[in-house]
Amino acid sequence: MNIRHHLDDATLLVYAAGSLSEGMSLLVASHIDRCAHCQVRVRQAEAVGGALLEELTPVALAPDALDQVLALLETDAGVPQARTPRPAVLDADIPAPLAQYLKKPLDELDWRTLVPGVRQLDLRLGGPGATRLLRIAPGLSVPHHSHRGNELTLILRGSYSDELGRFQAGDVADLDEQISHQPISDSGEDCICLIATDAPLRFSGLMGRLVQPFIGL
Ligand SMILES: [Zn+2]
């Protein structure tokens, strides 16, 4: 997998601090699952966060704190997550963290048609934003839009191009509200992406504003 587009450092720091929404966290974990570059960066972000915590929270430890930690390490709670078995591969295009939410291969999901050639599956995770899969037929585009908050997009299959470049499987687009774009599915197969937002999108064209109530983006 030749990943060219990565997560911003700001996003990695918030992820490492455990402060992203469930959907955004899922997307970040799904990218990191396949991106050695961001795996290193998130470990650095965790180290920075740990150092900040040491600076900011001078707490008195109980006299038996070390014994408590050692006792914890001997129980299941102390078993590192890496030792839990990874789920069986559903579909080579679905990263392991996402597989736990989908439970079916991409082609067998209950896709709902938004407009001809554009289908979606809402993961219904709740919260202020949305987490969905979007499936766009070759040559089609999502209406031009900007964002009220942040939007993370992870390409699972196919590719798209927009004002920022070309995004292929494994790439992530980490956008804030300064960016307005119109992605076009540009390969011979459907472009399937996981998209997580922390606020509703803002469509700029008349067409986008007209369809927004219907497609719920
Ligand atoms: Zn990356």
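The name given to the protein chain in an unreviewed UniProt entry is Transcriptional regulator, with the source organism recorded as Marinobacterium aestuarii.

Undergrad: Help me out: how do you make sense of the coordination of the zinc ion in this one?
TA: In a perfect tetrahedron of four donors around a metal, the angles come out at 109.5 degrees. In a perfect octahedron of six, they are 90 or 180 degrees. Looking at the zinc ion, the protein donor atoms are His6 (ND1), His31 (NE2), Cys35 (SG) and Cys38 (SG), and they sit 2.1 to 2.3 Å from it. All donors to the zinc ion come from one chain, and their sequence spacing reads H-x24-H-x3-C-x2-C. With His6 in the segment before helix 1 (9–16) and Cys35 in the loop between helix 2 (22–32) and helix 3 (36–56), this residue pair connects regions lying 29 residues apart in the sequence. Judged by its relative accessible area of 3%, Cys35 falls in the buried class.

Undergrad: When you look at the sheet that holds strand 8 (residues 172–175) in this model, what are you seeing that I'm missing?
TA: Note on sheets: strands pair through backbone hydrogen bonds, and any given pair is parallel or antiparallel. The 6 strands are arranged 1-2-3-10-5-8 in an open sheet whose pairing can be described as antiparallel. In the strand order of this sheet, the two ends are held by strand 1 (112–115) and strand 8, each with one partner. Between one strand axis and the next, the sheet turns through 25° on average, direction left out of account. As judged from the 4 bridges shared by strand 5 (residues 151–157) and strand 8, these two strands associate in the antiparallel manner. Its bridge partner lying in strand 8, Leu154 is registered against Val172.

About the criteria used
- Residues numbered from 1 in each chain as written.
- Predicted model: local features only at pLDDT ≥ 70, side-chain atom pairs only at ≥ 80, totals over all residues.
- Heavy atoms only, no water.
- Donors = N, O, S within 2.8 Å, 3.2 Å for Na, K, Ca; no water.
- Helix = DSSP H or I, 4+ residues; strand = E, 2+ residues; numbered from the N terminus.
- Buried < 20%, exposed > 50% of the residue type's maximum accessible area, 1.4 Å probe, protein only.
- Pairing = 2+ DSSP bridges.
- Axes fitted to C-alpha atoms, helices over the stretch in contact; angles between N-to-C directions.

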